[in-house]
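# Residue-level structural notes
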Amino acid sequence: MRTLPAPMVAALAAFVPCFSPRVWRHAQVLLAGALLAPAQRTVAAALRVMGLARTAQFHRSHRVLSRARWSGLVLSRVLLRLLVTTFAPYGPLLVGIDETVERRRGARIAAKGIYRDGVRSSHGHVVKASGLRWVCVMLLVAVPWAERVWALPFLTALAPSERYDAERARRHKSLLDWARQLLLAVRRWWPERDLVAVADSSYAALEFLAACRAWRRPVTVVTRLRLDAALYEPAPPRRLHQTGRPRRKGARLPTLAALAADPATVWTAVAVAHWYGTGERRVDVVSATAVWYHTGRLHVPLRWVLIRDPQGRFATQALLCTDPTVGPAQILAWFVRRWQLEVTFEEARRHLGLETQRQWSDLAIRRTTPALLGLCSVVTLLAHPRMTAAVTRPTPPVIRQAAWYRKPAPTFSDALALVRRDLWRHQTFQTSPPADDVAKVPRMLIERLTETLCYVA
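Structure report, in brief. (Residues numbered from 1 in each chain as written. Predicted model: local features only at pLDDT ≥ 70, side-chain atom pairs only at ≥ 80, totals over all residues. Heavy atoms only, no water.)

### Concerning empty space enclosed by the protein
Rolled over the atoms, a probe sized like a water molecule indicates the empty space that remains. Under the defined criterion, the tally for this structure stands at two cavities of 30 Å³ or more. The computed volume of the largest cavity comes to approximately 100 Å³. Lining of the largest cavity is provided by R148, W150, A151, L152, Q340, V343, T344, E347, C376 and F412. When contributions to the lining of the largest cavity are tallied by element, the ones reaching two or more residues are β4 (148–158) and α11 (339–351). For the lining of the largest cavity, the class distribution of residues is six nonpolar, two polar and two charged. The volume enclosed by the second largest cavity comes to roughly 50 Å³. The wall of the second largest cavity is formed by I109, A110, A111, L132, L158, Y164, D362, I365 and R366. Broken down by class, the residue content of the lining of the second largest cavity amounts to seven nonpolar, no polar and two charged. (1 Å grid on protein atoms, 1.4 Å probe; cavity = no way out; pocket = protein on both sides within 12 Å on 5 of 7 lines; lining within 4 Å. Points joined across faces, edges and corners; volume = space filled by probe spheres on them. Helix = DSSP H or I, 4+ residues; strand = E, 2+ residues; numbered from the N terminus. Nonpolar A, V, L, I, M, F, W, Y, C, P; charged D, E, K, R; others polar.)

Listed below in structure tokens is the structure:
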């Protein structure tokens with residue numbers, strides 16, 4: 001029976017109650033196979049790399065994804081608890097929310113649609129792709145041994161196309177609806193901690209922002225703001241015996257574009273650490289509070305931050321925060337972490353085979369991609385104890401170096417290689433070849449081959 005190393009079993013003990021004993025045995029095999037497979041992350045590839053290619057009951061591993069009874073929402077809650085306990089035991093919880101398109105084709109993939117491919121598109125060139133659209137929530141935390149912020153996925157939901165819902169007579173839910181429901185789930189899981197969500201301009205909608213503010217324990221949202229947004233002063237207090245409905249806004253304020261072009265605008269220099277991976281960066285900002293209002297819609301009090309680059313490398317842009325008491329420096333520090341979401345999507349495609357799975361049933365499709373994204377967080381949790389101990393050495397052996405590329409700190413590929421090495425050294429893979437074969441292969445070549453397999457991307 002294929003098993004995991006004892007440290008991994010202890011680290012994953014919190015997930016055991018989420019499965020039946022029979023399903024958990026097969027889930028461990030798929031987990032180890034997904035970590036070790038060098039190319040496609042199919043069930044067959046996982047069984048093959050685990051040495052189970054000749055197992056007659058291979059269909060039982062497929063049923064873990066297509067038929068077995070377990071809840072991905074429960075697993076997400078357990079994973080978030082482990083991540084918070086390990087990397088964010090105190091302070092506000094900073095999460096990032098974004099969507100990605102998994103390029104998939106095939107007549108049997110019912111939930112697919114035609115979407116804009118954000119990776120291949122630009123401002124002047126739009127590329128459409130056929131695939132599945134996923135909305136993902138990631139915990140943005142500073143990983144000590146990596147010396148930077150990582151985005152660790154823990155909750156992912158499939159957002160089907162409008163055609164898919166229309167064919168099944170279902171009410172179509174937009175990206176904002178899915179994002180609101182996912183953040184509400186996180187809010188219910190952690191009601192005692194302050195929750196901050198950062199997102200791109202797709203989520204700068206009055207309905208979404210107002211919904212996050214209306215909860216008993218509001219969620220603070222930080223996102224981009226249009227330079228031509230209609231901003232107003234707060235509504236004046238009601239006079240004594242005044243009749244009529246309460247006012248929602250005061251006088252109209254100048255647009256942010258007008259403020260940016262006004263020579264009388266007073267800018268303040270702010271230093272932002274870890275500016276998109278380039279170190280500290282100084283920018284000029286101006287900030288104030290206002291009410292964002294649109295006729296016939298809800299109104300949202302917010303703090304806006306106008307950002308100008310003294311070096312002129314990017315155009316003037318604006319951010320908003322639904323908590324007016326937060327300062328502009330903190331808003332900038334939160335928002336620049338959002339770029340780590342894109343890094344995680346790329347790492348999942350490059351190292352964990354995202355978009356290479358080939359499930360066709362609806363339930364397996366809804367489970368496989370969230371599992372692969374969650375595997376990024378699982379790898380980080382498994383590598384954390386060893387990485388913490390290894391990086392304290394003068395020359396950490398866990399950092400793979402090249403003559404043309406020097407890394408000062410470990411990356412996700414190093415963490416994955418460390419986990420793979422622990423799996424290869426486990427007794428499951430300690431099978432002795434025949435004596436004749438051993439005599440033909442030098443020992444140094446065997447060690448070099450083992451080391452190479454550990455670091456296969």
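That was the structure; now back to the text.
### Describing a positive patch on the surface
A surface patch of positive charge is lined by R22, R25, R60, R63 and R67. At the level of elements, α2 (21–36) and α4 (59–66) are the ones that each hand at least two residues to the positive patch. Along the chain, the position of R60 falls in helix α4. The partly exposed category is assigned to R60, whose relative accessible area is 44%. (Patch = residues over 30% accessible without salt bridge, like charges linked within 9 Å, V, L, I, M, F, W, Y side chains within 5 Å. Areas by Shrake-Rupley, 256 points an atom, 1.4 Å probe, with all protein chains shown as cover. Salt bridge = Lys/Arg side-chain N within 4 Å of Asp/Glu carboxyl O. Lys, Arg positive; Asp, Glu negative; His and termini not counted. Charge placed at Lys NZ, Arg CZ, Asp CG, Glu CD. Buried < 20%, exposed > 50% of the residue type's maximum accessible area, 1.4 Å probe, protein only.)

### Points about the packing of aromatic side chains
A complete count under the given rule lists eight aromatic pairs for this structure. Ring geometry for W145 against W150: centres 5.2 Å apart, planes inclined by 80°, an arrangement best described as edge-to-face. The burial state of W145 is the same as that of W150; both residues are buried. In this arrangement the basic side chain of R367 is found over the ring face of W70, its NZ or CZ atom lying 4.1 Å from the centre. (Phe/Tyr/Trp six-rings, centres within 6.5 Å; stacked < 30°, edge-to-face > 60°. Lys NZ or Arg CZ within 6 Å of the ring centre and 35° of its normal.)

### A few points about helix α12 (residues 362–390)
In this model, α12 (29 residues) spans 42 Å end to end at C-alpha, consistent with the 42 Å of a helix rising 1.5 Å per residue. In terms of residue burial, α12 counts as a mostly covered element, since 21 of its 29 residues are buried. (Expected span 1.5 Å × (residues − 1).)

### Considerations on the nonpolar core
F154, F208, L225, W292 and W304 are the most contacted members of the largest nonpolar core, which has 137 residues in total. By residue number, the principal contributor to this core is α12, which donates twelve residues. The contacts of W304, once residues within four sequence positions are left out, are L225, L231, L256, L259, V286, S287, A288, T289, A290, L319 and L320. Core analysis: the second largest hydrophobic core is formed by eight residues, I109, A110, L132 and W134 among them. (Core = buried A, V, L, I, M, F, W, Y, C linked by side-chain atoms within 4.5 Å. Contact = heavy atoms within 4.5 Å.)

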